[in-house]
Amino acid sequence: MNVLVVGSGGREHALVWALQRASIVDRVHAAPGNAGIARSAECHPVDANDPVAVSALVRELGVDLVVPAADRQLVNGVADAVRALAVPAFGPGTDGARLEGSKAWMKHVAQRAGIPTARHATFSVDDEEAALAFLASMSGLYVVKTDGLAEGKGVFVSEDLDDARDTVRAYLSGSAFGDAGRTLVIEEGLTGPELSLLAICNGDPDGARPLAPAQDFKRIGDSDTGLNTGGMGAYSPVPIAAGRTDELMAQFVTPTLRHLATLGIDYRGVLYAGLMFTPVGPKLIEYNVRFGDPEVQVVLPRLRTDAGEMIAAAASGEALPDLVFGDDACVTVVMATEGYPVSPYRTGDEIVGIDRADAMEAVTVFHAGTAASPGGGFLTAGGRVLDVTATGATIAVARERAYAAVASISWPGAAYRRDIASDPS
């Protein structure tokens, strides 16, 4: 089987890595890929968000399975376009991708499916006065989210009402995130440990299977300070989820998939439930329609089931194999460029030490934002640059290995959190 992974980040590198180890996969292509992926897979320079361009590449390569890995690809209809060629695609069509493409619609689905979530309301560009009044009716922690896609950075959380008001005005005016923020969701802030529950879906609402849960770190700074990012690290397993995966699937994932089925949506691929364990029980923060990044970097290395068989079965609507995970732990630390997540980022710096880190015991370095340098090495080429991943018998061992590898990599202005998995909950 020949497989095409669509995208260019660390998530895509992890998928290429896993699929290249799958027994049923002969060859893995990436479009467009990145400099790290290009070391082991053939990369093709196409626009990953353009269904027409991706479809043309699928015909040219004659691939047997396509994995559109990012949210915008799925919202734009890449999976639909691939299926129109009678080629299986691992990901929902535009109808199912709306769960991530519109946070307001996601909240509506959650309510209809009976999913516990935060108190919330949706406002559009002409509703500024009503939005500010709703903010004033809340207390404690204020959460403002863009309705549309914002590369993981469209969520504002603060205890300061004036800051929240300024954020609402910036979103609705378009000055912060353009059209993505002209409709927004305001919700009560929840407190408690978070959990990322990723389920593999094959179109049968009762046939979905959970991956090992993970916990990620969204804020740029230690102790969860600073701006939200696409993710600065993750670990798995998660102690608070021990023995509760089936319960959480029954409470969140299965009712949602059943409701989508009543709407005529054949949901295949990944359904990612971002949960928070509040004092009154778990609640839904968000749904994503693809693998989490960097959650997938800590989940796939623990997977003992053939990743190719799992993904191919889901994309084809077949019964999923049992998903088996090892007893080992995995930790990923994201290394970012100077200034991230505020763009423009500093790029073009020579990276030193990747091969040295990759050669360390139980360490894999996934490339998220790199480019090839003229001398044969790598340059920084994005906000999140590398996902330094390590496994070990315990979270503590995996963490020690990951940070030892991080310490061997450098470039001017390299930044990373120093508390990933320091206090597993």
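Up top you'll find the structure we're talking about.
Definitions and cut-offs
- Residues numbered from 1 in each chain as written.
- Predicted model: local features only at pLDDT ≥ 70, side-chain atom pairs only at ≥ 80, totals over all residues.
- Heavy atoms only, no water.
- Axes fitted to C-alpha atoms, helices over the stretch in contact; angles between N-to-C directions.
- Helix = DSSP H or I, 4+ residues; strand = E, 2+ residues; numbered from the N terminus.
- Parallel < 35°, antiparallel > 145°, perpendicular 65-115°, else oblique.
- Contact = heavy atoms within 4.5 Å.
- Nonpolar A, V, L, I, M, F, W, Y, C, P; charged D, E, K, R; others polar.
- 1 Å grid on protein atoms, 1.4 Å probe; cavity = no way out; pocket = protein on both sides within 12 Å on 5 of 7 lines; lining within 4 Å.
- Points joined across faces, edges and corners; volume = space filled by probe spheres on them.
- Pairing = 2+ DSSP bridges.
- Salt bridge = Lys/Arg side-chain N within 4 Å of Asp/Glu carboxyl O.
- Buried < 20%, exposed > 50% of the residue type's maximum accessible area, 1.4 Å probe, protein only.
- Core = buried A, V, L, I, M, F, W, Y, C linked by side-chain atoms within 4.5 Å.

Draft legend 1. Just the packing of helix 6 (residues 103-113) against helix 9 (residues 245-262), in detail. With their axes 9 Å apart at the nearest point, helix 6 and helix 9 run at an angle of 100 degrees to one another. The angle between helix 6 and helix 9 falls in the class roughly perpendicular. Touching Trp105, Val109, Arg112 and Ala113 of helix 6 are Pro255, Thr256, His259 and Leu260, all from helix 9. Partitioned by chemical class, the residues of the contact of helix 6 with helix 9 number 5 nonpolar, 2 polar and 1 charged.

Draft legend 2. Fine view of the packing of helix 5 (residues 94-101) against helix 6. Their axes nearest at 6 Å, the elements helix 5 and helix 6 cross at an angle of 105 degrees. Of the possible angle classes, the one that applies to helix 5 and helix 6 is roughly perpendicular. Contact with helix 5, carried on its side by Asp95, Arg98, Leu99 and Gly101, involves Lys103, Trp105, Met106 and Val109 of helix 6 and no other residues of that element. Of the residues in the contact of helix 5 with helix 6, the class split is 4 nonpolar, 1 polar and 3 charged.

Draft legend 3. Main features of the layout of surface pockets. Of the volumes computed, that of the second largest pocket is approximately 380 Å³. As for the second largest pocket, its lining consists of 19 residues, and the residues nearest its centre are Lys153, Phe177, Leu227, Asn228 and Pro341. For the lining of the second largest pocket, the elements supplying multiple residues, two or more each, are strand 7 (155-158) and strand 13 (225-228). A per-class count over the lining of the second largest pocket returns 12 nonpolar, 3 polar and 4 charged.

Draft legend 4. Representation of the environment of Ala176. Mapping Ala176 onto the fold places it in the loop between helix 8 (161-173) and strand 8 (184-188). C-alpha of Ala176 to C-alpha of Pro279: the two residues are 103 residues apart in sequence and 33 Å apart in space.

Draft legend 5. Region of the structure containing the sheet that holds strand 16 (residues 281-288). If you trace the 4 strands from one edge of the open sheet to the other, you get 10-9-15-16, paired in antiparallel fashion. Since the sheet does not close on itself, it has two edges, and those belong to strand 10 (209-210) and strand 16, each with one partner. Two elements, strand 9 (residues 194-202) and strand 15 (residues 268-278), share 9 bridges in a ladder whose sense is antiparallel. Each residue of the ladder has a partner; that of Ser196, found in strand 15, is Gly274. Its contacts with the sheet place helix 11 (residues 307-316) against strand 9 and strand 15, and it is angled at close to 65 degrees to strand 9.

Draft legend 6. Region of interest: the sheet that holds strand 5 (residues 120-123). Within the open sheet, the 4 strands sit side by side as 5-8-6-7. Their pairing is antiparallel. Either end of the sheet is taken by a strand with one partner, and the two such strands are strand 5 and strand 7. In this sheet, adjacent strand axes meet at a mean angle of 15 degrees when their direction is disregarded. Sheet topology places strand 5 next to strand 8; 4 bridges connect them, and they run antiparallel. Each residue of the ladder has a partner; that of Phe123, found in strand 8, is Leu184. Along the sheet, helix 7 (residues 128-136) makes contact with strand 5, strand 6 (142-146) and strand 8, crossing strand 5 at roughly 165 degrees.

Draft legend 7. Representation of the pattern of salt bridges. Scanning the entire structure with this criterion turns up 23 salt bridges. Residue Arg39 pairs with Asp355 through a salt bridge whose shortest N-O separation is 2.7 Å. Taken as a pair, Arg39 in the loop between strand 2 (27-32) and strand 3 (42-43) and Asp355 in helix 12 (residues 354-358) lie far apart in primary sequence, 316 residues in all. Its relative accessible area of 46% is what places Asp355 among the partly exposed residues. A cluster of three or more residues bridged by salt bridges with shared partners is formed by Asp71, Glu100 and Arg290.

Draft legend 8. Examining the nonpolar core more closely. The biggest cluster of nonpolar side chains holds 72 residues, and the ones touching the most others in it are Leu99, Tyr267, Leu284, Tyr287, Val331, Leu386 and Ile409. Residues in contact with Val331, not counting those within four places in the same chain, are Ala234, Tyr235, Val298, Val388, Thr389, Ala390, Ile395, Ala398, Arg399, Ala402, Ile420 and Ala421. Listed in part, the 44 residues of the second largest apolar core include Val3, Leu211, Ala312 and Cys330.

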